[in-house]
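Spelled out from the first residue to the last, the chains are:
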Amino acid sequence: MKVFYKIAVLFAASILYMPAANAQKEPVPLPENFDYELYMVAKEVDGKKFHGPRASVRLCEKLLDNGTKTDVENVEKMMPGILSGQELNPESPHYGGFRWELEMEQVEDLNAVEFILHSLVPIMILHRDKLSDSTKVNIKKSIRLGLQKYRGHGCGFKIYQHRAERHYQYQFGRRTFRG
């Protein structure tokens with residue numbers, strides 16, 4: 001009986017000191033190096049600004065994890081800039097890849113797509129219900145194109161690519177992934 005009493009007291013105490021489930025969260029503050037003009041994380045080198053899709057998409061994950069209305073609105077504003085770093089010209093040998101910075105003329109590192117997908121796929125799996133329909137469509141297109149690029153550049157990412165595709169298909173169904 002004493003054990004039950006101790007457990008009950010500890011349980012009651014934990015409930016009293018537990019923050020309320022409906023307590024208001026504060027939005028994640030945007031970093032000091034956030035560029036509100038392009039709505040992306042930027043870094044300055046020798047007086048010139050560089051906007052990195054990788055840093056910005058990772059920030060989007062944090063914002064969506066927090067999930068306030070302001071956080072989601074910021075993600076909606078950031079996503080077009082992030083996705084604009086993807087090569088969309090089918091004639092380009094880098095079609096589907098991402099530039100490290102928007103200021104680069106072309107994709108120079110074939111692995112950049114991997115780092116962007118590492119954030120885009122979880123965003124769609126964990127937070128798709130928070131995003132607008134148009135943002136979801138654009139992210140799905142980007143993921144699809146990025147996975148095709150992954151498959152094509154043969155740098156040993158086939159296992160990851162296969163796992164990502166299978167997980168994505170499981171979550172969204174073959175029809176929406178394959179288009």
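Scroll up to find the structure this text is about.
The present account deals with the structure reproduced in this document.

**Some words on helix H2 (residues 53-66)**
Turning to step 1, where the next piece is worked out: With 14 residues, H2 should cover 20 Å at 1.5 Å per step; its first-to-last C-alpha distance of 20 Å lies within 8% of that length.
Turning to step 2, where the next piece is worked out: Buried residues of H2: Pro53, Ser56, Val57, Leu59, Cys60, Leu63 and Leu64, and no others. Projection of H2 onto a plane perpendicular to its axis shows the buried side chains occupying an angular sector of 155°, all on one side.
Turning to step 3, where the next piece is worked out: Elements in contact with the buried residues of H2: strand S1 (34-35), strand S2 (40-45), strand S3 (48-51), helix H3 (69-83) and helix H4 (112-127).
Turning to step 4, where the next piece is worked out: Directly beyond the C-terminal end of H2, a positive phi value near 80° is found at Gly67.

**Focus on the pattern of salt bridges**
Turning to step 1, where the next piece is worked out: Under the counting rule described, the total for this entry stands at 3 salt bridges.
Turning to step 2, where the next piece is worked out: Lys43 serves as the salt-bridge partner of Glu101, at 3.3 Å between the closest nitrogen and oxygen. Of this pair, Glu101 sits in the loop between H3 and H4 while Lys43 sits in strand S2; the two residues are 58 residues apart in sequence, bridging distant segments of the chain.
Turning to step 3, where the next piece is worked out: When its relative accessible area of 17% is taken as the criterion, Glu101 is described as buried.

**Details of H3**
Turning to step 1, where the next piece is worked out: In a regular helix each residue adds 1.5 Å, so 15 residues correspond to 21 Å; H3 covers 22 Å between its end C-alpha atoms and thus fits that length.
Turning to step 2, where the next piece is worked out: Where H3 bends most, at Lys77, the angle is about 30°, and the proline Pro80 comes one to four residues later.
Turning to step 3, where the next piece is worked out: For H3, every residue scored as buried is listed here: Asp71, Val72, Asn74, Val75, Met78, Met79, Gly81, Ile82 and Leu83.

**Description of the sheet that holds S3**
Turning to step 1, where the next piece is worked out: Strand order in the open sheet made by the 3 strands is S1-S2-S3, with antiparallel pairing throughout. At either margin of the open sheet sits one strand with a lone partner, and together these are S1 and S3.
Turning to step 2, where the next piece is worked out: For S1 and S2, the ladder comprises 2 bridges, and the chain directions are antiparallel. Paired with Asp35 across the strands is Met40, a residue of S2.
Turning to step 3, where the next piece is worked out: Where H2 meets the sheet, its contacts fall on S1, S2 and S3, and the angle it forms with S2 comes to roughly 145°.

The rules we used
- Residues numbered from 1 in each chain as written.
- Predicted model: local features only at pLDDT ≥ 70, side-chain atom pairs only at ≥ 80, totals over all residues.
- Heavy atoms only, no water.
- Helix = DSSP H or I, 4+ residues; strand = E, 2+ residues; numbered from the N terminus.
- Expected span 1.5 Å × (residues − 1).
- Buried < 20%, exposed > 50% of the residue type's maximum accessible area, 1.4 Å probe, protein only.
- Arc of directions from axis to C-beta.
- Contact = heavy atoms within 4.5 Å.
- Salt bridge = Lys/Arg side-chain N within 4 Å of Asp/Glu carboxyl O.
- Bend = angle between axes of the 7 residues up to and from the residue.
- Pairing = 2+ DSSP bridges.
- Axes fitted to C-alpha atoms, helices over the stretch in contact; angles between N-to-C directions.

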